[in-house]
Amino acid sequence: MTQNKAVLNWIDEMTAMTKPDKIVWIDGSEEQLEALRAEACSTGEMIKLNQEKLPGCYYHRTAVNDVARVEDRTFICTPTKEEAGPTNNWVEPSEMYDRLNKLYDGAMKGRTCYVLPYSMGPVGSPFAKYGIELTDSIYVVLNMNIMTRIGNKVLEALGDSPDFIKGLHAKKDIDAENRYIVHFPQDNAIYSINSGYGGNVLLGKKCFALRIASHLGREEGWMAEHMLILGIEYPNGETKYLAAAFPSACGKTNLAMLIPPEIYRKKGYKVWTVGDDIAWIRIGKDGRLYACNPEYGFFGVAPGTNEKSNPNALASTRKNSIFTNVVMTADGGVWWEGLDKNPPRGVLNWKGEPWDPDDGTPGAHPNSRFTAPAINCPCISPEFENPDGVPLSAIIFGGRRAKTAPLVYQARDWDHGVFVGSAMASETTAAAAGAVGVVRRDPMAMIPFCGYNMGDYWQHWIDMGKKISHQPAIFNVNWFRLDEDGHFIWPGFGDNFRVLLWIMARAEGKIDAVETPIGFIPKPEDIDLEGLDYDICDGHKFTIEDLKGILKVETPYWLEDLENLKEFYAKFEEGKVPKELKDEIEALEKRLKG
Ligand code: OXD
Ligand code: MN
């Protein structure tokens, strides 16, 4: 417990509104958590899985209308609409408070309100920010225990300070029509109601660590980004770090936990995971950028995760994890599409119905999840808990582009790199259809997560660049180039390591590159293909000629993409797109037409 007046007053106010039967403070002790697990199992909220196969693991199903983040129900309620910008939903704050007060009135009647103090970042570190989530869901408490550092140690670190993020979550009726995920950045407050799905209710994650934190970062001179962080250990024992932003479904967790090809492993190379989803980034005393993963676990998409695609993620889920909306097998195990080629029989699907793998429906929901402790990960970085973060040599942006973007290119300088991030886009369903899909712009992969006007966010990136004396180099990658028949040309997965090595060599100024209108691309011979054995299709093995093909800058596609980007920029209010980015788009067009 605490004597902190700001905390106590706020809890009084929220519980007077929501009227729970009981208030329980979460102290973070294993005894209390174990009692909550037992209680959740007794009510059916959670199911204990086979403890021999999956020790400490539990299962949960959400309501069928509540299986994903709801962007159309997510609001950034800044004092003015312009502060939220054209890419966020906005309602005037007092109007939104009125709506919410009505919805929350008595929302916890007959229920228990759990008071959950948590820290994003190692408690007491220069990165750490504290939050308190009030929730009527044991599932939320148990997930937050995996995803964040929780309990009394957080209250001790907070002391008397009023500087904490307020989060109020009530499950209420899981009524999709009245579902709200609302952020009031000026009040450091988050409200979530009528949902029980992770991304909407684990308020430390997207709501705090991205939306509210991006706003705080702008005010305080740091950055909250939708980025993985990894370290590459070289045979000489040195480790260099990079951060990378990709829109969803582009393999962020896989890249974060990459296993280098065998020839590199034999030479002594290794990849260490610092984070798979969120990076908080600050300027260190030495003028370099330092990144910290504010989370404590992984909330990963289960389908597609297997021994081949990501053995480290799979290993992370083998104990003390929670599985949501996957298939539950008769012996208390779990399964999902893409885990292996042997769908189990006599099992229940994600809705809890008997499921026949031959009936043509998926057994696990496509957005089914595992919540796994980061410390379970076999390649978790020894620097994971470093209170000062890790120094970044490179920042990578990327997307899924069938034709437009080359495998990799380097931005000319920081401002050009910010432009490259602002121009990020991904194509929908291109891979499956074998055609160029619909382009969706997703600058810095932050479209659903930026807590203020994205134009101001770009300006913040530009301003940060001026303050960093040792700027990391900025790159763009595209693992998803397709041939005419829709086959992936680049092998991806572990072989992406070959591209990471080029990126790091460039970041350190160790090799030359070829200058093109869009930036610097590798000399083909500088991407090491030794030991690469990849069949693009029907015995067509990947060769240096294929590499040359996917390094080409396809000018007509670029010019088309620039028109699309101009339309996107035009959505912003007059003067909101930084002059630096307008200059960059003009200069790029000139170089391309040049
Ligand atoms: C996530 C997401 O769940 O980006 O990490 O949607
Ligand atoms: Mn994410």
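Please refer to the structure higher up on the page.
Residues numbered from 1 in each chain as written. Chains lettered and ligands numbered in written order. Predicted model: local features only at pLDDT ≥ 70, side-chain atom pairs only at ≥ 80, totals over all residues. Heavy atoms only, no water.

Colleague: What exactly am I supposed to notice about the packing of aromatic side chains here?
Modeller: When we look at a pair of aromatic rings, we describe it by the centre distance and by the angle of the planes. Applying the stated rule across the entire model yields 28 aromatic pairs. Centroid distance Phe-480 to Phe-488: 6.0 Å. Interplanar angle 70°. Geometry classified as edge-to-face. Residue Phe-488 is classed as partly exposed on the basis of its relative accessible area, which comes to 30%. One aromatic cluster is present, formed by Tyr-97, Tyr-104, Phe-184 and Tyr-191 through successive ring pairs. Positioned over the ring face of Trp-272 is Lys-270, at 4.2 Å from the centre of the ring. One cation-aromatic arrangement involves Arg-282 over Phe-127; the distance from NZ or CZ to the ring centre is 5.8 Å. (Phe/Tyr/Trp six-rings, centres within 6.5 Å; stacked < 30°, edge-to-face > 60°. Buried < 20%, exposed > 50% of the residue type's maximum accessible area, 1.4 Å probe, protein only. Lys NZ or Arg CZ within 6 Å of the ring centre and 35° of its normal.)

Colleague: I would appreciate a short explanation of the coordination of the manganese ion (ligand 2) in the present structure.
Modeller: Bound to the manganese ion (ligand 2) are the protein donor atoms Lys-206 (NZ), His-226 (NE2) and Asp-277 (OD), situated 2.1 to 2.2 Å from the metal. Along the chain, the residues that donate to the manganese ion (ligand 2) are spaced as K-x19-H-x50-D. Within this pair, whereas His-226 is found in the loop between β11 (223-225) and β12 (227-233), its partner Asp-277 is found in the loop between β14 (270-275) and β15 (279-283), the two being separated by 51 residues in sequence. A relative accessible area of 10% places Asp-277 in the buried class. (Donors = N, O, S within 2.8 Å, 3.2 Å for Na, K, Ca; no water. Helix = DSSP H or I, 4+ residues; strand = E, 2+ residues; numbered from the N terminus.)

Colleague: Help me understand the sheet that holds strand β18 (residues 322-324), please; the structure alone is not making it clear to me.
Modeller: Spatial ordering of the open sheet is given by β2-β3-β18-β23-β17, a layout of five strands whose pairing is mixed. Looking at which strands have only one partner, the edges of the open sheet turn out to be β2 (47-48) and β17 (297-301). Bridge count between β17 and strand β23 (residues 369-373): five bridges; the pairing is antiparallel. Residue Gly-297 lies in a different strand from β23, and its bridge partner there is Pro-373. (Pairing = 2+ DSSP bridges.)

Colleague: What is the right way to look at the pairing of strand β9 (residues 180-184) in this model?
Modeller: As a general feature of sheets, a regular strand has side chains that alternate between the two faces. Counting buried positions along β9 gives five out of five residues, so the element sits mostly inside the fold. Taking every second residue as pointing to the same face, both faces of β9 are buried, with Tyr-180, Val-182 and Phe-184 on one and Ile-181 and His-183 on the other. As judged from the three bridges shared by strand β4 (residues 74-76) and β9, these two strands associate in the parallel manner. Paired with Phe-75 across the strands is Val-182, a residue of β9. The antiparallel hairpin formed by β9 and strand β10 (residues 189-193) contains four residues in its connecting segment, where Asn-188 sits at a positive phi of about 50°.

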